[in-house]
Amino acid sequence: MSDWTWEYEPDAKNVVGGLDKAERLEVEAIAQRIADAVGVRRIGKPFDTFDITEAASGVRTFAEGAVMVWYQEDYRDDVVLVLRAQHFGAQHLDT
């Protein structure tokens, strides 16, 4: 387990506001696994060895099952920022 955490950016309403509770829980479980994986990958990399252009990753995506997550890794704060989430199994999406 690492010190990396995750959070919605800008907030949960804008990222997963249209999903029901079970779908949100799926997104949040994936976000936690991403944060744990990034923490493992960053072991041994000191936080002060990068310049401002290396302070955060570009936008990345991860998909598992019916869920796709767009995120950034912020190396300054050891946080994964979940920017967007899509649940392709959601039956209540607006058309």
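Residues numbered from 1 in each chain as written. Predicted model: local features only at pLDDT ≥ 70, side-chain atom pairs only at ≥ 80, totals over all residues. Heavy atoms only, no water.

### A few points about a negative patch on the surface
Next up, step 1: Together, E7, E9, D11 and D77 make up a negatively charged patch on the protein surface.
Next up, step 2: As for its position among the elements, E7 is in strand β1 (residues 5–8).
Next up, step 3: According to the relative accessible area criterion, E7 is partly exposed, its value standing at 39%. (Patch = residues over 30% accessible without salt bridge, like charges linked within 9 Å, V, L, I, M, F, W, Y side chains within 5 Å. Areas by Shrake-Rupley, 256 points an atom, 1.4 Å probe, with all protein chains shown as cover. Salt bridge = Lys/Arg side-chain N within 4 Å of Asp/Glu carboxyl O. Lys, Arg positive; Asp, Glu negative; His and termini not counted. Charge placed at Lys NZ, Arg CZ, Asp CG, Glu CD. Helix = DSSP H or I, 4+ residues; strand = E, 2+ residues; numbered from the N terminus. Buried < 20%, exposed > 50% of the residue type's maximum accessible area, 1.4 Å probe, protein only.)

### Description of the nonpolar core
For soluble globular proteins, nonpolar side chains are generally found buried alongside one another.
Next up, step 1: One finds V16, V27, I34, V69 and V80 to be the most contacted residues of the largest nonpolar core, which totals 18 residues.
Next up, step 2: Going through the elements one at a time, α1 (12–16), α2 (21–41), β3 (67–74) and β4 (79–87) are the ones with two or more residues in this core.
Next up, step 3: The biggest single contributor to this core is α2, with six residues.
Next up, step 4: Leave out the neighbours within four places in its chain, and V80 touches W4, T5, W6, E7, I34, A35, V38, Y71 and Q72. (Core = buried A, V, L, I, M, F, W, Y, C linked by side-chain atoms within 4.5 Å. Contact = heavy atoms within 4.5 Å.)

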